[in-house]
Amino acid sequence: MVRGVALVALVGATGPLTGCGLFGDEPDPPPPDPLAPLITGALDLAARYDAAITAFPELADRLRPVAEAHRAHAAELARVTGTALPSASAAATTPAADPGAGSASAALSQLREAEQQGREAAAKACTEAPASRSALVGSIAAARATHLEVLR
């Protein structure tokens with residue numbers, strides 16, 4: 001009888017502990033925000049523009065405002081989603097196409113292709129975003145469409 005009471009007391013004492021994470025019952029972290037890929041994409045595009053400017057300084061006046069727009073988009077998306085932007089050094093290591101392997105014309109062509117893919121991703125995200133975010137994502141998609149004109 002004493003053993004039975006002791007066993008019940010032991011089970012009763014450990015029962016509440018199972019919910020506190022001692023036994024691997026930690027809650028799963030929340031899934032990443034669905035707009036997170038747009039942040040990464042904007043930073044990647046900014047890095048591509050920066051690489052093109054480095055390779056072809058004569059394009060700087062034309063491309064720098066677009067690179068800055070992509071960084072602004074990433075910052076606003078990060079603010080809205082509560083996501084931390086990667087540090088400047090981490091963003092600088094983002095692999096981008098090598099615009100230096102050719103001419104300025106080839107670099108612009110590569111940027112047009114990347115910008116088109118980015119516009120398509122933003123347009124798709126706009127249709128899937130909650131109403132509270134669709135205006136922001138729609139304006140990013142529209143901006144990317146205007147960036148294509150800058151690259152002509």
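What comes next is a walk through the structure. Everything numeric here is computed off the predicted structure, so don't read it as measured data. (Residues numbered from 1 in each chain as written. Predicted model: local features only at pLDDT ≥ 70, side-chain atom pairs only at ≥ 80, totals over all residues. Heavy atoms only, no water.)

## Observations regarding the overall build of the protein chain
Now for step 1: A count of helical and extended segments in the protein chain gives six helices and zero strands.
Now for step 2: For the protein chain, the succession of helices and strands along the chain, N to C, is α-α-α-α-α-α.
Now for step 3: Among the 152 residues that make up the protein chain, the fraction classed as buried is 31%.
Now for step 4: At a minimum sequence separation of 6, the contacts of the protein chain that also span at least 24 residues come to 75%.
Now for step 5: Total accessible area on the protein chain stands at roughly 9,000 Å², and carbon and sulfur atoms take up 63% of it. (Helix = DSSP H or I, 4+ residues; strand = E, 2+ residues; numbered from the N terminus. Buried < 20%, exposed > 50% of the residue type's maximum accessible area, 1.4 Å probe, protein only. Contact = heavy atoms within 4.5 Å. Areas by Shrake-Rupley, 256 points an atom, 1.4 Å probe, with all protein chains shown as cover.)

## Here we look at the packing of helix 2 (residues 36-55) against helix 5 (residues 104-128)
Now for step 1: At a minimum axis distance of 11 Å, the contact between helix 2 and helix 5 shows a crossing angle of 165°. It follows that helix 2 is roughly antiparallel to helix 5 by the angle criterion. Both helix 2 and helix 5 take part in a crossing whose hand is left-handed. Taking contact as the criterion, the partners of Leu38, Leu45, Arg48, Tyr49 and Ala52 in helix 2 are, on helix 5, Leu111, Ala114, Glu115, Gly118, Ala121, Ala122 and Ala125.
Now for step 2: A class-by-class count of the residues in the contact of helix 2 with helix 5 yields nine nonpolar, one polar and two charged. (Axes fitted to C-alpha atoms, helices over the stretch in contact; angles between N-to-C directions. Parallel < 35°, antiparallel > 145°, perpendicular 65-115°, else oblique. Left-handed = near helix turned anticlockwise from the far one by under 90°. Nonpolar A, V, L, I, M, F, W, Y, C, P; charged D, E, K, R; others polar.)

## A word on the side chain of histidine 70
Now for step 1: Summarising the element assignment, histidine 70 is placed in helix 3 (residues 60-81).
Now for step 2: A relative accessible area of 0% means that histidine 70 is categorised as buried.
Now for step 3: At a separation of 3.3 Å, a polar atom in the side chain of histidine 70 contacts the side chain of histidine 147. (Polar contact = N/O pair within 3.5 Å; in protein donor to acceptor, adjacent residues only side chain to side chain.)

## Quick notes on the pattern of salt bridges
Now for step 1: Summed over the entire model, instances satisfying the criterion amount to six salt bridges.
Now for step 2: Two residues, aspartate 50 and arginine 71, come together in a salt bridge whose shortest N-O distance is 2.9 Å. Taken together, the positions of aspartate 50 in helix 2 and arginine 71 in helix 3 put the pair 21 residues apart, joining distant regions of the chain.
Now for step 3: We classify aspartate 50 as partly exposed; its relative accessible area is 30%. (Salt bridge = Lys/Arg side-chain N within 4 Å of Asp/Glu carboxyl O.)

## Regarding helix 3
Now for step 1: The end-to-end C-alpha distance of helix 3, which contains 22 residues, comes to 31 Å, matching closely the 32 Å that a straight helix rising 1.5 Å per residue would cover.
Now for step 2: Among the residues of helix 3, those classed as buried are Ala60, Leu63, Val66, Ala67, His70, His73, Ala74, Leu77, Ala78 and Thr81. The buried residues of helix 3 occupy one face: seen down the axis, they fall within an arc of 155°. Opposite the buried face of helix 3, at more than 90 degrees from it, the exposed residues are Asp61 and Arg79.
Now for step 3: Where helix 3 is buried, its residues meet helix 2, helix 5 and helix 6 (131-150).
Now for step 4: Looking one or two places after helix 3, you find glycine 82, whose phi comes out positive at around 70°. (Expected span 1.5 Å × (residues − 1). Arc of directions from axis to C-beta.)

## What to know about the environment of serine 109
Now for step 1: Tracing the sequence through the fold places serine 109 in helix 5.
Now for step 2: Owing to a relative accessible area of 37%, serine 109 belongs among the partly exposed residues under this scheme.
Now for step 3: Taking the C-alpha atoms as reference points, serine 109 and arginine 152, 43 residues apart in sequence, are found 8.5 Å from one another.

So yeah, pure geometry; function would need other evidence.
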